[in-house]
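Take a look at the letters that make up each chain.
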Amino acid sequence: MNNSRRIGIIDIGSNSIRLAIYELHETGAYRVIGEFKESARLSQRIGPDGGLPPAEIQNIVRMLSHFKRICDAHGVTDCRAAATAAIRNATNAREIVDALTKQTGFHIEILSGEDEARLGFLGMIQTMDISDGYLVDIGGGSTEISLFRDRKLLRSVSFPFGAVNTTRKFAPDGEFQPEQLNGIRQMVQRALSAHSWISQNPGLPLVGLGGGVRTLSKINQRKRKYSLPIPHNYVISPEDMDELALWLSNLPGERRKKVDGLSKDRYDIIVPGVIILQTVFQATGALQYVVSGAGLRDGLFFESFCPPDTGHLHIAERSADQFLSLHSTAPQVHIARVNENALKLFDVLAQTKLLQLHDSKMRLCLSIASKLYRIGASVQYYQFPKHTFHMIAYTRIDGLTHRELLFCALIATYKAKNRTLQAVLQHKDIISDSDIELICKLGTLVRLAIALDASETQALELESVSIEGPSLNLRLKRKHDPSAEYREVEGLQKEFKKIWGLQLHCQETSFSTT
């Protein structure tokens, strides 16, 4: 990409070592273009003296050297590498960091537990529309719990137990008996009881970070045959998580390896992970589990290379704008005009009984749909609506729930009600029958907004919208020949009246030859 740079973020965790490569555009838009992982299990490699043996240090050197070659191949110019609990708690931590820095060329920083909580929160809060909650990050060698209110981090604590070192302590063979599971619960309960704030805010969501939580979401989605397999912003009910915890802990290790959605390198540590998570949930009195696909690595990236946007745009609007700037296929002025037209139509119709709104974010969904309606042309112009649907629905537009993602995709690609019914059939677990009428109504608004700039030359300006009896009056100002626009609006008359019960009526207020 022109006017962009490549940035590497390396997370030397207690379970795995990961590299994420970001592409950052000069506009501030970014995307992940590569992720690489090496299984390390550092928390299991600590020797009797509490240090990491030389052979294990050299194993990390090998992995980081491999990541260095990957960074060079991708043209990475800046890199931030951070180590967490396993190295932080090792008695020879300084020796490890010195060896890694000297032999790989990466400057390695050791994150404190407080750093982990802060960066995990930053990664989450910049990508989710959630005001209040608890945040839990279960790593391989530590667990961080935070409380946030009004999108501000209030309290956090780091505990020296995670999925890997808890497995090593209670069941190194990966087989769990009831007394071992109880031992894990009691260990976590004792640790949590020393921090009264953890139990003083019941009824909030518990947002989970990390590979273990994402794995649990994947298992739950596959068991449910969930139609939108995206972890970010996925909600898991307490009942589903309790069922997962019971089922996974009762399975023998060999059968656990075959669980759909569970990678073989997590078959043993997933059980302590889910027990820790479940115990934290019960202690907080949380309402539900919410999965964040963003976390520590995202926080490292935001803090160093992409400071949080202090503007007033909603997270989802900002994310959609960034997405559009990375895949632009139409003149910016045309997209802006379509968006403006769609919102003008919405704002008038939302004041009537014709548009029954029970969700305050539908205007936001309409706005995003009107901006992204042609993004699929970046794949191929012909049949671009199919690509548009897939790109919106299966791309992480931050700040939107899964239902809202599908709303945006369906509104942006709306053609006719019967087609919408067919598309909804694939997502009946997320989109309800009662949603269909609203999708059709908002979809026709996007189609009308597009029609009013069909030539993409801004031949017409929509000055005002009003309703008089059975008509929707569009007061238009002509700039130049609007014949293409009028043809498209005329072609929409029948569908618009069918969906809205209104006849479209266009009225020009002036004429200009300029």
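Structure: above.
Residues numbered from 1 in each chain as written. Predicted model: local features only at pLDDT ≥ 70, side-chain atom pairs only at ≥ 80, totals over all residues. Heavy atoms only, no water.

Is there a simple way to explain the overall build of the chain in this structure?
The helix and strand inventory of the chain stands at 20 helices and 14 strands. Radius of gyration (C-alpha) of the chain: 26 Å, near the 24 Å computed for a compact globule of 514 residues. Principal axes of the C-alpha set define a box for the chain whose edges measure 85 × 45 × 40 Å. Here the chain, with 514 residues, has 56% of them falling under the buried criterion. Within the chain, contacts between residues separated by at least 24 positions form 71% of all contacts whose residues are at least 6 apart in sequence. Of the accessible surface of the chain, which amounts to about 22200 Å², a share of 49% is contributed by carbon and sulfur atoms. Averaging the locations of the 61 positively and 56 negatively charged side chains of the chain gives two centres separated by 3 Å. (Helix = DSSP H or I, 4+ residues; strand = E, 2+ residues; numbered from the N terminus. Rg over C-alpha atoms; globule rule 2.2 N^0.38 Å. Buried < 20%, exposed > 50% of the residue type's maximum accessible area, 1.4 Å probe, protein only. Contact = heavy atoms within 4.5 Å. Areas by Shrake-Rupley, 256 points an atom, 1.4 Å probe, with all protein chains shown as cover. Lys, Arg positive; Asp, Glu negative; His and termini not counted. Charge placed at Lys NZ, Arg CZ, Asp CG, Glu CD.)

Help me out: how do you make sense of empty space enclosed by the protein in this one?
In this approach, a probe sized like a water molecule rolls over the atoms, and the result shows the empty space that is left. In total, this model carries 3 cavities of 30 Å³ or more according to the counting rule given. Lining the largest cavity are Leu-206, Gly-208, Val-213, Ile-236, Met-241, Leu-277, Tyr-289, Val-290 and Val-291. At 3 residues, the largest contribution of residues to the lining of the largest cavity is made by strand S11 (residues 289–291). Among the residues forming the lining of the largest cavity, the class breakdown is 8 nonpolar, 1 polar and no charged. (1 Å grid on protein atoms, 1.4 Å probe; cavity = no way out; pocket = protein on both sides within 12 Å on 5 of 7 lines; lining within 4 Å. Points joined across faces, edges and corners; volume = space filled by probe spheres on them. Nonpolar A, V, L, I, M, F, W, Y, C, P; charged D, E, K, R; others polar.)

I'm lost on the side chain of Glu-144 in this one. Help?
Inspection of the secondary structure puts Glu-144 in strand S7 (residues 143–149). Buried within the structure, Glu-144 lacks any salt-bridge partner; Arg-88 is the closest side chain of opposite charge, at an N-O distance of 4.2 Å. If we skip the residues at most four places from it in the chain, Glu-144 touches Arg-88, Gly-113, Glu-116, Ala-117, Leu-135, Val-136, Asp-137, Val-157 and Ser-158. (Salt bridge = Lys/Arg side-chain N within 4 Å of Asp/Glu carboxyl O.)

Help me understand the sheet that holds strand S10 (residues 235–236), please; the structure alone is not making it clear to me.
One key point about sheets: their strands pair by backbone hydrogen bonds, in either a parallel or an antiparallel sense. A sheet is described by the order of its strands in space; here 6 strands give the open sequence S8-S7-S6-S9-S11-S10, paired in mixed fashion. The strands lining the two open edges of the sheet, one partner per strand, are strand S8 (152–159) and S10. Pairing analysis gives 3 bridges linking strand S9 (residues 206–209) to S11, with the strands arranged parallel. The residue bridging Gly-208 from the neighbouring strand is Val-291, located in S11. The sheet contacts of helix H11 (residues 270–284) involve strand S6 (133–138), S7, S9 and S11, and relative to S6 the element is tilted by about 160 degrees. (Pairing = 2+ DSSP bridges. Axes fitted to C-alpha atoms, helices over the stretch in contact; angles between N-to-C directions.)

Just checking my understanding: could you explain the sheet that holds strand S13 (residues 471–478) for this structure?
Pairing is mixed across the open sheet formed by 3 strands, whose spatial order is S12-S13-S14. Of all the strands in the sheet, just strand S12 (460–468) and strand S14 (503–508) have a single pairing partner and so form its edges. When strand polarity is set aside, the average angle formed by the axes of neighbouring strands in this sheet is 25 degrees. Looking at chain direction, S13 and S14 are connected through 6 bridges and run parallel. Bridge pairing links Asn-473 to His-505 in S14.

Looking at this model, I keep getting lost on the packing of aromatic side chains. Mind explaining?
Here the distance between the centres and the angle between the planes together describe a pair of aromatic rings. Counted according to the given criterion, the structure contains 14 aromatic pairs. For the pair Tyr-22 and Phe-301, a centre-to-centre distance of 4.0 Å together with 5 degrees between the ring planes defines the contact as stacked. Taken together, the positions of Tyr-22 in strand S2 (residues 16–25) and Phe-301 in helix H12 (residues 296–305) put the pair 279 residues apart, joining distant regions of the chain. Across the pair, Phe-301 and Tyr-22 agree in class, each one buried. Measuring from centroid to centroid gives 6.5 Å for Tyr-373 and Phe-384, while their planes differ by 65 degrees, and the two rings are edge-to-face. With Tyr-373 in the loop between helix H15 (362–372) and helix H16 (384–393) and Phe-384 in helix H16, this residue pair connects regions lying 11 residues apart in the sequence. In this pair, the class of Tyr-373 matches that of Phe-384, namely buried. Directly above the ring of Trp-247 sits Lys-223, whose terminal nitrogen or CZ lies 4.1 Å from the centroid. Positioned above the aromatic ring of Trp-500, the side-chain terminus of Lys-441 is 5.0 Å from the ring centre. (Phe/Tyr/Trp six-rings, centres within 6.5 Å; stacked < 30°, edge-to-face > 60°. Lys NZ or Arg CZ within 6 Å of the ring centre and 35° of its normal.)

Any chance you could explain unusual backbone geometry here in plain terms?
The general pattern is negative phi for most residues beyond glycine and trans for most peptide bonds. For Lys-225, which is not glycine, the phi dihedral falls at a positive 55 degrees. Structurally, the position occupied by Lys-225 is in the loop between helix H8 (211–224) and S10.

When you look at the environment of Ile-17 in this model, what are you seeing that I'm missing?
Within the element layout of this structure, Ile-17 appears in strand S2. On the basis of relative accessible area, Ile-17 is assigned to the buried category, the value being 0%. Taking the C-alpha atoms as reference points, Ile-17 and Ile-60, 43 residues apart in sequence, are found 8.5 Å from one another. Not counting chain neighbours up to four residues away, the residues in contact with Ile-17 comprise Ile-10, Asp-11, Ile-12, Phe-36, Lys-37, Glu-38, Ala-40, Ile-60, Met-63, Leu-64 and Phe-67.

Can you help me understand the pairing of S8 in this one?
Looking along a regular strand, one sees the side chains alternate between the two faces of the sheet. For S7 and S8, the ladder comprises 7 bridges, and the chain directions are antiparallel. The partner of Ile-145 across the bridge, within S8, is Val-157. Counted between consecutive antiparallel strands, the loop separating S7 from S8 contains 2 residues, among which Asp-150 sits at a positive phi close to 50 degrees.

Mind showing me how you'd approach helix H17 (residues 402–412) here?
In terms of burial, H17 is largely enclosed, as 10 of its 11 residues are buried. Within the sequence span of H17, burial applies to His-402, Glu-404, Leu-405, Leu-406, Phe-407, Cys-408, Ala-409, Leu-410, Ile-411 and Ala-412. Looking at the packing, one finds that the buried side of H17 touches H8, H15, H16, helix H18 (417–425) and helix H19 (433–451).

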